[in-house]
Amino acid sequence: QQPVQSPQAVILREGEDAVINCSSSKALYSVHWYRQKHGEAPVFLMILLKGGEQKGHEKISASFNEKKQQSSLYLTASQLSYSGTYFCGTSDGSGGSNYKLTFGKGTLLTVNP
Amino acid sequence: DTEVTQTPKHLVMGMTNKKSLKCEQHMGHRAMYWYKQKAKKPPELMFVYSYEKLSINESVPSRFSPECPNSSLLNLHLHALQPEDSALYLCASSQDRSNQPQHFGDGTRLSIL
């Protein structure tokens, strides 16, 4: 089942912060975050496993609330290079679905000077 | 540059043609994936190979035929495609299970005339 991402789009000025949310109606085993720039391949940002952990990657961090079946991606002090479409991908980790990621519709982030 | 190499980058074919997409990785990954991505949409999983065996087929039409000759190579054979099959086809690989990052290739942009 496809996770729901919000917002669909966000426009920032350089240096501003943003939060992108990802929620599922099913219990989650893991949440992946990827960024895709126009005409390029999706690039891995981070993975969160069930357990309510929070991870950081430079000025980009994420949290995972297993009970609420939600994950949030936090972008602080945004840079022009952060522009792109952010996808969350979720897995319920059950049996043969171990490898299966279902991606949300994406959030288009635009950072302006 | 990505560590997953896909060829060709662009492909135009008629509905009666037979062609193949190729994907190669040398990271020692044991899981490989084919995704289809339409413009402004998320990647949609088509097939997953795990240790060179087909693990997941997401009810993909038989005009798409995957093949994994060895742990480094993944092919997608195309035959009698329809115009709606025009899309970006992405290959990805990961170490093994779902809690590992997926590394995407740049994709093959396919157009069906």
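It should be noted that the structure appears before, not after, this text.
This structure is a prediction, so every number in the text was calculated from the model and none was measured. Counting starts from 1 at the beginning of each chain's written sequence and moves along it residue by residue. Note on labels: chains are lettered from A, ligands numbered from 1, in written order. Local features in this predicted model are restricted to residues of pLDDT 70 or higher, and side-chain atom pairs are both shown and tallied only at a pLDDT of 80 or more, whereas totals for entire chains, interfaces and linings draw on every residue. With hydrogens and water stripped out, all remaining heavy atoms of the structure feed into the side-chain values.

(A) Summary view of empty space enclosed by the protein. All names here are of chain B. Any residue with an atom within 4 Å of a point lines the site, the site being either a cavity, points on a 1 Å grid over the protein atoms alone where a 1.4 Å probe fits but cannot get out, or a pocket, an open set with protein on both sides within 12 Å along at least 5 of 7 lines. Grid points are joined across faces, edges and corners, and a volume is the space filled by probe spheres set on the points. Per the counting criterion, the structure on display carries one cavity of 30 Å³ or more. In this structure, the largest cavity encloses a volume near 40 Å³. Taken together, His 29, Arg 30, Ala 31, Met 32, Tyr 49, Ser 50, Tyr 51, Glu 52, Cys 68 and Ser 71 make up the full set of residues lining the largest cavity. Residue polarity follows a fixed list, in which Ala, Val, Leu, Ile, Met, Phe, Trp, Tyr, Cys and Pro are nonpolar, Asp, Glu, Lys and Arg are charged, and the others, Gly among them, are polar. Looking at the lining of the largest cavity residue by residue, the class counts come to five nonpolar, three polar and two charged.

(B) Region of the structure containing the nonpolar core. By nonpolar core we mean a set of buried residues, namely Ala, Val, Leu, Ile, Met, Phe, Trp, Tyr and Cys, connected to one another through side-chain atoms within 4.5 Å. The cut-offs for exposure are 20% and 50% of the maximum accessible area for each residue type, with area from a 1.4 Å probe on protein chains only; residues under the lower value are buried, those over the upper are exposed, and the others partly exposed. One finds B:Trp34, B:Phe64, B:Leu76 and B:Leu78 to be the most contacted residues of the largest nonpolar core, which totals 22 residues. Here, residues are in contact when the closest pair of their heavy atoms is within 4.5 Å. Setting aside its immediate chain neighbours within four residues, B:Leu76 contacts B:Lys19, B:Ser20, B:Leu21, B:Trp34, B:Met46, B:Phe47, B:Phe64, B:Ser65, B:Pro66 and B:Tyr89. Core analysis: the next-biggest nonpolar cluster, separate from the first, contains 21 residues, A:Ile20, A:Leu48, A:Phe64 and A:Leu75 among them.

(C) Spatial organisation of the packing of aromatic side chains. We call Phe, Tyr and Trp rings a pair once their centres come within 6.5 Å, taking the six-membered ring for Trp, and we label the pair stacked below 30 degrees between planes, edge-to-face above 60, and tilted otherwise. Tallied over the entire structure, the rule returns eight aromatic pairs over all chains. Geometrically, the ring pair formed by A:Tyr34 and A:Phe44 is edge-to-face, given 5.8 Å between the ring centres and 70 degrees between the ring planes. Placement of A:Tyr34 in strand E4 (residues 30-36) and of A:Phe44 in strand E5 (residues 43-49) is noted, with a sequence separation of 10 residues between them. Between A:Phe103 and B:Tyr35 the ring centres are 5.8 Å apart and the planes differ by 65 degrees, which places this aromatic pair in the edge-to-face class. Of this pair, A:Phe103 sits in strand E10 (residues 102-103) while B:Tyr35 sits in strand E4 (residues 31-37), placing the two residues on different chains. Classification of A:Phe103 by relative accessible area gives buried; the value is 3%. According to the relative accessible area criterion, B:Tyr35 is buried, its value standing at 0%. Of the aromatic side chains, those joined through ring pairs into one cluster are A:Tyr34, A:Phe44, A:Phe87, A:Phe103, B:Tyr33, B:Tyr35 and B:Phe104. In this description a helix means any DSSP run of H or I spanning at least four residues, a strand means any run of E spanning at least two, and both kinds are numbered starting from the N terminus.

(D) Structural view of unusual backbone geometry. Going from A:Ser6 to A:Pro7, the amide bond is cis rather than trans, its omega being -10 degrees. With respect to the element layout, A:Pro7 can be found in the loop between strand E1 (4-6) and strand E2 (9-13). The omega torsion of the bond from B:Thr7 to B:Pro8 falls at -10 degrees, within 30 degrees of zero and hence cis. Its identity as a non-glycine residue notwithstanding, A:Ala77 has a phi of 45 degrees, on the positive side. Relative to the assigned elements, A:Ala77 resides in the loop between strand E8 (70-75) and strand E9 (84-91). For A:Ala77, a relative accessible area of 28% corresponds to the partly exposed category. In this structure, B:Lys40 takes a positive phi of about 60 degrees despite not being glycine.

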